[in-house]
Amino acid sequence: MPAILRWIRADLRSHRLHALLIVLATGGTAAALLLAGTLLGAAADPWQRQFHAAGSPHIRIDLRPSAPARGSADEPSAAVLAGEPGVLAVSPPQHTAETTLVGRRADGATTAGPPGRTTLVLRGDDPDAARPLLRSGTWLDPDDIHGIVLEQSAADAAWAHPGDHLTVLDARGGPVDLQVRGIADSPDQLPSQAAGYDLGWAPPATLDLVQPDRAAQGLTLGLRLAHPADAGYTAQRVVSVLGAERVSRITTWLDARAARQQDNRLAGLLLGLSGLAALLAAALAVAGAAGGRIRARTGDIALLKALGFTAGQVAWMFIAEQLLLAGTGVLLGAGGAAIAVHTVPALGGGTDALHGLVPGGTATTGAVVAAALLAVGAAAALPALRAARVAPVPPTDGTRPPVMTARPVRLGPLRQLPPALVFGLGSVLRRRSDLVGSALRLTVPVVAATLALSTWTTLDAVTRPDGGVTVPSVTARRTTPDQTPGDGWLANALAADAAVQGVYPGTEMQALAPGQSATLTLHAVGTTDAPYPYTVVEGRAIHATDEAVAGQGALDLLGARVGQWVRLTTGSTPRILHIVGRNLEPQHGGRVLSTGFDTLDRPGDPTHPDFWQLTLRPGQDPAEVQRDLPARAGLAGQTEIRLPTGPVTRPGALRASVVGLLLLLALIGLVDLLTTATAGFHERRRDLGLLRAIGLTPGQSALVLAVRGTAIALITVTVGSAVAIPLVRRLIDRQGELSGIGAGIARAPSTWTVLAMAAICATAAAALCALPVLRIPPPTPAPDGSGR
Amino acid sequence: MTGSEPIPPLLAADGVVRSHLSGSTLIPAVSGISLRIDRGEFVAVIGPSGAGKSTLLHVLAGLLRPDRGELWLDGRRVDRLRESAWARLRRRHYGIVFQSGNLLPDFSVADNIELTAVLAGMSGRTARERRRQLLDDLGLAHKAAAGPGELSGGERQRVALARALVNRPQLLLADEPTGNLDSRSTRDVLALLSRYHEQGTTIVLVTHDARAASTADRVVSLFDGRIADDARVEEPPAARRAVGVRDIIDFGG
Amino acid sequence: MRHQLLALLARQPAYGYELKQGLEQTFGAAYPQPNIGQIYVTLSRLEKSGLIRGTEVTQEGRPDKKVYEITEKGTEELAGWFEAPTEGPRVRDEFFMKLILAEGTDLADQLTLINNQRRHCINTMRGLNKLAATERGNRTSLLLIEGAVLHLQADLDWLERCQEELT
């Protein structure tokens, strides 16, 4: 309809600032949602970025050693697989050799015995195959047949660092010394806990060293697929083409992702939630801005209807205008996000949501764009319908009809205050419904900001090395091969240190629940007499042997509740434990059962602790303790200290997302404040003219509106945080429960943070409300018609 | 009227009643008005403030729906039309000039006029040509790009008149078009109304100003929401015209 | 008409006919056309009162005419006229009499009286409008018309008040 377009054009031309702000707010929201998606990918889901960066295959096929398939005989299987439908490329087959890891020692020290023996699979390095992402140390030197690179989770499990020496048993059972050159991430690989073996890379010659019989070496192949979503189907095809007896293990990218994602869901969920809150806030801001302008211009709308605009046209006019602005904003936002992702390398990993690299990526972008447009359209629709209902009788005297009947307020003792304060507070009290609308609109960004800040503090608490949700602790471990000095002496030496509050002997083992394929960790620390201070949020602490507390992840996995008995198998030992409580468990997705060390009294259970968990006195920095404690306690060379491993998040990227969200919310808040300020200004323009005519200075009349704005902002922040903090606690706890750590992790932002937020809001509101007043010309006695 | 086929009046009101709600009490504004306006007439509606002049005009324009009574436009009953139907009717058949211009403040003079034309389905080019012609006619060609805030009261009223006339309506409704004007601007606006009346436009003029009313050829006096008098304005006899003001006012002594 | 003629003579001495032309030029068609006879009658009265002085001027082939000039006494009289406050136009009390006395006579109805008077005012207004159109350019004339229009408007407003109070 050309008339509608004309109106929109003229309206936008005369309200450039407003239009710009709406474009910025929607653009910011769209960009934030898209970037949050990609940052989430990068922050909460490093797997996706790594997978992309490593050029990892979508399907990893491990083949059993087979006597006939020697040497080049492997090539046919690669050729066969390359011909399969949907297969883009087959990586060159790499040989694998299975060894047993029996010992590790730090550089220069003698070998210490790791708990139990684990299988270490060595994979022959091939420059043509996708290599894992080196995390620390250096990559392999082909001439150094004793150098290996360990997979990250394997290195974590073995406490191995670059430079450490490992002792493995070769095919004949003889010890072979290997040195860790580097540690790498292999995103197509299940973590060793889930895979059941540790993985390392070595030059092919090393494989021959540990398994001279090539026929006994296994093979591994990777497939890249045209349609990654079809991985499951292709995996089935591969098994039937190669024969089930030939395939020892087949891992799709979906398995690998699922195995690695559980630790990081919390961050993703929380940021997603904040993003949605921002979308809601943006939609409300748009609604508020549109509503405010419609209210300020009822006279014009009435005139348009008198001229022959139908109610439908009037409604469409406003909706179309907002959609146009929002559409521009979303386009700019998406473009900006794309440029940001391309130019800022830190964001580069998470481009998938924009590029559709991972199935559903394009759909995600589309969904974000559609959601933003839909939200804005819906938000604009309500005020637009109000506009459509305006009676077509234009005001006769050139002024707007009174929006509401203003009842005089008894200011009583307020009269003693400076006049500007009295008038400002009076106007707040008099137009209560106006106040409620403004405050409501502003509350949503405040709630969203509180949510974002709580996300920050909660994630900070969860990922901080000194615990945060748990008691600050470090783990100490003997580095000597034998039991000298004795356990008691060692524990006493550790306990004597000023930084240490308590010393708890412990060990850790993998446990299986009957009928479950996934493992959980049995964490046995402390004794019945001196139980470890777990953060128990449900049920009670351990009082006796065979009692355990469980993380939410463990409860979910076992399908158990607090108070129930559960059966487990560690190695071949069956156990029955009584779950008496639930603790906050940031490690392993909460799939941890914690019990006392003295519960392990079955035959074959360790008699000596593998480590001591040390709780620290308040104010101690775990990193410092880690560095200084061995020397201080006279245990240098005899113990090493490790920091607890929390969920593997990247706090930097997470913080960037939270800061970005806060900036966006600030922008949205600004739009809301501006709406409130302009509405207040328009409604009180006449009053202010009168006030100035009776002698209020421009400064004082600015103060009148500033007082009003400040009052609204303060009410908003008070109500907003009062509503937000309990709400946010529940939301975060719910997310904590979903993530396996368990409810009870929520941390509200500090009082100072809330106060700072209030101060910022109040200052911004005061400034925004006061500024337009300074620009009104001195009052003119006769308001002439259309000079509005 | 000698024609065998009675020509329907352009606009006819029959027993129109309309009240306003003020607080919780109904205040009758128009209480039973029957009025017939034929093609080519120039009718002034006068009366003290509060007599229901503006309400009557709003009812005649479909801006307010009558509580009771019938309204006929060109032989078609229109008082029961839906709001959107009325809007479309207004675009094509009505030109409305409001008190103090009521121009859209964000639109230039040209846009104010063209928007109405485009709304009635005119192409952008035709609208521009019409607008140009009208502004030339009204002596405002140099103000096309100005905003309403830059115009004097008289200029605003002339722009409002141009806006009302751009669709060449059958019926021009004007609500106190000279309300806030000085006598020179009043004279200009009234001269323009007479001119468009002579060109065949039917005009209903609501006014408090006797001079404006005397421009019309029929004066309807409202009192308390009812028609108190409905009279044709007589041309004063030529002989008396020559006598001049002395006949009207006795200048002292 | 005394003071009008005195005022013209205060500018400069003039013949009777010149004075008629002067009046016409000054007031235009908005003012009633002065009758030459009336002017001569007034002039002779003014001369008799000693306010002006006439001097016979002989003309060739034409009857003599009199040139009038203002005397000292005439100037004083004129200054007194200018100085004295001017009474406003008198209220149209005849209509008011009709309106008040009509009640109870069964000969006239108040509303009809008011309506008729209003019609009369509007018709007169229309006449003034036409006059204003023809007198466009004559400032004196337009001012006079403007005054008449405003008086009429006041009469109409007063009629409204009558209607509100009496009907």
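Residues numbered from 1 in each chain as written. Chains lettered and ligands numbered in written order. Predicted model: local features only at pLDDT ≥ 70, side-chain atom pairs only at ≥ 80, totals over all residues.

Q: Now, about the overall build of chain C: what can you tell me, with residues and values included?
A: Counting secondary structure elements, chain C contains 7 helices and 3 strands. Secondary structure elements of chain C occur, N-terminal to C-terminal, as α-β-α-α-β-β-α-α-α-α. With 167 residues in all, chain C has 24% of them scored as buried. Excluding contacts between residues fewer than 6 apart, the proportion of contacts in chain C whose partners are at least 24 apart in sequence is 54%. (Helix = DSSP H or I, 4+ residues; strand = E, 2+ residues; numbered from the N terminus. Buried ≥ 20, exposed ≤ 12 C-beta atoms within 10 Å, placed from the backbone. Contact = placed C-beta atoms within 7 Å.)

Q: Give me the lowdown on the nonpolar core, citing residues and values where you can.
A: With 193 residues, the main nonpolar core has Ala-278 and Val-286 of chain A together with Leu-205 of chain B as its most contacted residues. In contact with Val-286 of chain A, other than residues within four places in its own chain, are Ile-22, Gln-322, Ala-326, Val-376, Ala-379 and Ala-380 of chain A. Within the second largest apolar cluster, 41 residues are counted, among which are Val-500, Ala-554, Leu-568 and Phe-597 of chain A. (Core = buried A, V, L, I, M, F, W, Y, C linked by C-beta atoms within 7 Å.)

Q: Kindly report on the interface of chain B and chain A, identifying the contributing residues and their values.
A: The interface is formed by 33 residues belonging to chain B together with 27 residues belonging to chain A. Going through the elements one at a time, helix H1 (53-60), helix H2 (83-93), helix H3 (109-119) and helix H5 (153-165) of chain B are the ones with two or more residues in the side of chain B that touches chain A. Of all the elements, H2 of chain B adds the most residues to the side of chain B that touches chain A, at 6 residues. Within the side of chain B that touches chain A, the residues separate by chemical class into 14 nonpolar, 12 polar and 7 charged. (Nonpolar A, V, L, I, M, F, W, Y, C, P; charged D, E, K, R; others polar.)

Q: Run through helix H19 (residues 622-632) of chain A, naming residues and quoting values.
A: Residues and elements named next belong to chain A. For H19, the complete set of buried residues consists of Pro-622, Val-625, Leu-629 and Pro-630. Angularly, the buried residues of H19 cover 100° about the axis, an arc narrow enough to put them on a single face. Pointing more than 90 degrees away from the buried face of H19 are the exposed residues Glu-624, Arg-627 and Ala-631. Its buried side turned inward, H19 meets strand S12 (473-478), strand S20 (611-616) and strand S21 (639-642). In the stretch just after H19, Gly-634 is the one whose phi turns positive, near 70°. (Arc of directions from axis to C-beta.)

Q: If you had to explain the sheet that holds strand S1 (residues 14-15) of chain C to someone new, which residues and values would you point to?
A: Residue and element names in this part refer to chain C. Taken in spatial order, the 3 strands line up as S1-S3-S2 in an open sheet, and their pairing is antiparallel. Since the sheet does not close on itself, it has two edges, and those belong to S1 and strand S2 (52-59), each with one partner. Relative to strand S3 (residues 62-70), S2 is paired through 7 bridges, and the arrangement is antiparallel. Bridged to Glu-56 within S3 is Lys-66. (Pairing = 2+ DSSP bridges.)

Q: Would you mind going over unusual backbone geometry in detail, with residue names and values included?
A: Residues and elements named next belong to chain B. For Glu-176, which is not glycine, the phi torsion reads 45° and is therefore positive. By secondary structure assignment, the location of Glu-176 is in the loop between strand S7 (171-175) and helix H6 (183-198). A residue is classified by how many C-beta atoms lie within 10 Å of it, and Glu-176, with 23 of them, is buried. A positive phi is found at Asp-224, a non-glycine position, where the angle reads about 55°. Checked against the element boundaries, Asp-224 lands in the loop between strand S9 (218-223) and strand S10 (226-232).

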